[in-house]
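# Geometric and topological summary
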Amino acid sequence: LSLLFLLVISLIGTFIVLFSIGYLHGKRDLGKFLMVLLGFMGAMLGIVSADNLFLLFVFWELTSITSFLLIGFYHEDPVSRRSALQA
């Protein structure tokens, strides 16, 4: 089951990264966005492949932090900041 989820996360994550590169082409801070997106993907892969409770907790928290950073990426926008705090 873990291998199936590793494959699903990797495939969907790759498609999302490729789509976001095309969609956000020319936007400022694209590299920072991709770094956080890949961090989120890595944290999700870590949750699926964690073999003890401590690692599961660490990757769960990394998923929460990177999710916060992705939602509030345009931090100058008050709606984006409010949405990140709400999430």
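Everything discussed here concerns the structure shown above.
Just so it is clear, the model here is predicted, and its values are computed rather than measured. Here the residue index of a chain counts from 1 through its sequence in written order. Only residues with pLDDT of at least 70 get local features here, since the model is predicted, and only at 80 or more are side-chain atom pairs given and counted; chain-wide, interface and lining totals rely on the full set of residues. Water and hydrogen atoms play no part in the side-chain values, which are based on all heavy atoms of the structure.

### Remarks on the packing of helix α1 (residues 2-23) against helix α2 (residues 30-49)
Each axis is a line fitted through C-alpha atoms, taken for helices only over the stretch in contact, and angles between the N-to-C directions span 0 to 180 degrees. Note on conventions: DSSP H or I runs of at least 4 residues are helices, E runs of at least 2 residues are strands, and numbering of each starts at the N terminus. Between α1 and α2, the shortest axis-to-axis distance is 9 Å and the interhelical angle comes to 170°. On the basis of the axis angle, α1 is roughly antiparallel to α2. Contact residues: S2, F5, L6, I9, S10, G13, T14, I16, V17, S20 and I21 in α1; L30, F33, L34, L37, L38, M41, M44, L45, V48 and S49 in α2. Each residue is assigned to one of three groups, with Ala, Val, Leu, Ile, Met, Phe, Trp, Tyr, Cys and Pro labelled nonpolar, Asp, Glu, Lys and Arg labelled charged, and all others, Gly among them, labelled polar. Partitioning the contact of α1 with α2 into residue classes produces 15 nonpolar, six polar and no charged. An angle below 35 degrees is treated as roughly parallel, one above 145 as roughly antiparallel, one from 65 to 115 as roughly perpendicular, and anything else as oblique. The contact criterion used throughout is that any non-hydrogen atoms of two residues lie within 4.5 Å.

### Section: the packing of aromatic side chains
Between the rings of Phe, Tyr and Trp (Trp by its six-membered ring), a pair exists once the centres lie within 6.5 Å; its type follows the angle of the planes, with under 30 degrees stacked, over 60 edge-to-face, and the other angles tilted. Within this structure, the stated rule accounts for two aromatic pairs. Here F19 and Y23 contribute two aromatic rings whose centre-to-centre distance is 5.6 Å and whose plane-to-plane angle is 15°, an arrangement assigned as stacked. Of the two residues, F19 and Y23 are both situated in helix α1; the distance of four residues between them amounts to about one turn of the helix. Note on Y23: relative accessible area 60%, which makes it exposed. A centroid spacing of 5.2 Å and a plane angle of 70° characterise the contact between F33 and F73, whose relative ring orientation is edge-to-face. Linking F33 in helix α2 with F73 in the loop between α3 (53-71) and α4 (78-86), this pair joins segments that are 40 residues apart in sequence. Buried means the residue's accessible area, taken with a 1.4 Å probe over protein chains only, is under 20% of the maximum for its type, while exposed means over 50%, and partly exposed covers the values in between. Of the residues examined, F33 reaches a relative accessible area of 15% and is grouped as buried.

### Overview of the packing of α2 against α3
Where α2 contacts α3, the axes come no closer than 8 Å and their chain directions differ by 155°. The angle between α2 and α3 places the two elements in the roughly antiparallel class. For the pair α2 and α3, the crossing hand works out as left-handed. Contacts from F33, V36, L37, G39, F40, A43, M44, G46 and I47 of α2 reach α3 at L56, F59, W60, L62, T63, T66, S67, L69 and L70. Within the contact of α2 with α3, the residues separate by chemical class into 13 nonpolar, five polar and no charged. Less than a right angle of anticlockwise turn of the near helix away from the far helix marks a crossing as left-handed, whereas a clockwise turn marks it as right-handed.

Just distances and angles here, no functional claims.
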